[in-house]
Amino acid sequence: MFDKWRNRSAKKAADRVKLLVGLGNPGGEYAGTRHNVGFMVISRLAAEFGVRANKSAHGALIGEGRFGGERIVLAQPQTYMNRSGTAVAALLRAYRLDLADVLVICDDLDLPLGRLRLRSQGGDGGHRGLRSIIYSLGTNEFPRLRLGVGRPLTKEETVEYVLTKFTPKEQSLLDEEIEAAVAGIRRWLFDGIDKAMNQVNAWKPAPR
């Protein structure tokens, strides 16, 4: 099934699009919560790239622009986390993208706040947004950047925990983590997944 996402077009390099998808839940009540760090990264990228990601299309809020010669699309799915795959599949079809041209950005409970992981493929790791995307695309072979948000003390607290906001003490570390994520995304855009992984996966926050 996943072969339909490979080599979907023979576009020239100048016409190729890179799709950056940050996962989260729409609505003011979810703004600033741990589950919405993907949205936060997209907002930070929009500011850096001078893109207004406010157009409603393909089940997402999107914005288009160029950065360093690269044509980019920023997207925040509005389908809620558990149905993220609906929007991602629609975006891939609309822009006729290969899997290698999309980067999914999301939170990760298994990484402590202040750590990042970039992979070219992999399982869902219990993340329902990634699970939805894997189901909708029929493959797990797409790049994903995970930002650590930490894990609660007990498994029973997980659902509530991802919908909590960061404490003032955590906020400065989160800001540093997001800046490192943006730097890694720039590297991915210009130099590809391997060099970006070397940079992102080795990053550590400043000592505190």
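Below you will find a few notes about this structure. (Residues numbered from 1 in each chain as written. Predicted model: local features only at pLDDT ≥ 70, side-chain atom pairs only at ≥ 80, totals over all residues. Heavy atoms only, no water.)

### Side note on the overall build of the protein chain
Looking only at helices and strands, one finds 6 helices and 7 strands in the protein chain. Helices (α) and strands (β) of the protein chain occur, in sequence order from the N terminus, as β-α-β-β-β-α-β-β-α-β-α-α-α. For a compact globule of 208 residues, the expected C-alpha radius of gyration is about 17 Å, and the protein chain comes in at 16 Å, within 12% of that figure. Viewed in the frame of its principal axes, the protein chain has a C-alpha envelope of about 50 × 30 × 30 Å. Taken across its 208 residues, the protein chain has 50% of its residues classed as buried. Long-range contacts, defined as pairs at least 24 residues apart, comprise 73% of the intrachain contacts of the protein chain with a sequence gap of at least 6. (Helix = DSSP H or I, 4+ residues; strand = E, 2+ residues; numbered from the N terminus. Rg over C-alpha atoms; globule rule 2.2 N^0.38 Å. Buried < 20%, exposed > 50% of the residue type's maximum accessible area, 1.4 Å probe, protein only. Contact = heavy atoms within 4.5 Å.)

### Observations concerning the packing of helix α2 (residues 84–95) against helix α3 (residues 128–137)
The description of two helices packed together rests on the angle between their axes and the distance between the axes. At their nearest, the axes of α2 and α3 sit 7 Å apart, and the two run at 45 degrees to each other. Viewed along their axes, α2 and α3 adopt a mutual orientation that is oblique. Regarding α2 and α3, the two cross each other, and that crossing is right-handed. Note on element contacts: α3 touches α2 through G129, S132, I133, S136 and L137, opposite S84, G85, T86, V88, A89 and L92. (Axes fitted to C-alpha atoms, helices over the stretch in contact; angles between N-to-C directions. Parallel < 35°, antiparallel > 145°, perpendicular 65-115°, else oblique. Left-handed = near helix turned anticlockwise from the far one by under 90°.)

### So, the sheet that holds strand β5 (residues 102–108)
The strand order β2-β3-β4-β1-β5-β7-β6 describes an open sheet built from 7 strands, whose pairing is mixed. The sheet is open, and its two borders are formed by β2 (55–57) and β6 (116–119), each paired with just one other strand. Mean inter-strand twist for the sheet, computed between neighbouring axes without regard to direction, equals 25 degrees. Sheet topology note: the strand β3 (residues 60–67)/strand β4 (residues 70–77) ladder contains 8 bridges and is antiparallel. (Pairing = 2+ DSSP bridges.)

### As for the pairing of β4
Regular strands place their side chains on alternate faces of the sheet. Of all the 8 residues making up β4, 6 are buried; the element is thus mostly covered by neighbouring parts of the structure. Relative to β4, strand β1 (residues 17–22) is paired through 5 bridges, and the arrangement is parallel. Paired with K18 across the strands is I72, a residue of β4. Connecting β3 to the antiparallel partner β4 that follows it, the hairpin turn spans 2 residues, and G68 within it adopts a positive phi of roughly 60 degrees.

### Concerning helix α6 (residues 193–202)
Each α-helix winds once per 3.6 residues, and so residues spaced three or four apart point in a common direction. Listed in full, the buried residues belonging to α6 are A196, M197 and V200. Buried residues of α6, viewed axially, fall in a sector of 100 degrees; they line one side. Structural note: α6 exposes D194, N198 and A202 on the side pointing more than 90 degrees away from its buried face. The inward-facing, buried residues of α6 abut β6, β7 (144–148) and α5 (168–191). (Arc of directions from axis to C-beta.)

### Some words on the pairing of β5
By the criterion of burial, β5 is predominantly enclosed, with 7 of the 7 residues buried. Sheet topology note: the β1/β5 ladder contains 4 bridges and is parallel. Its bridge partner being in β5, L19 is matched across the sheet by V102. By the bridge criterion, 5 bridges tie β5 to β7 in an arrangement that is parallel. If you follow C106 over to β7, its bridge partner there is R146.

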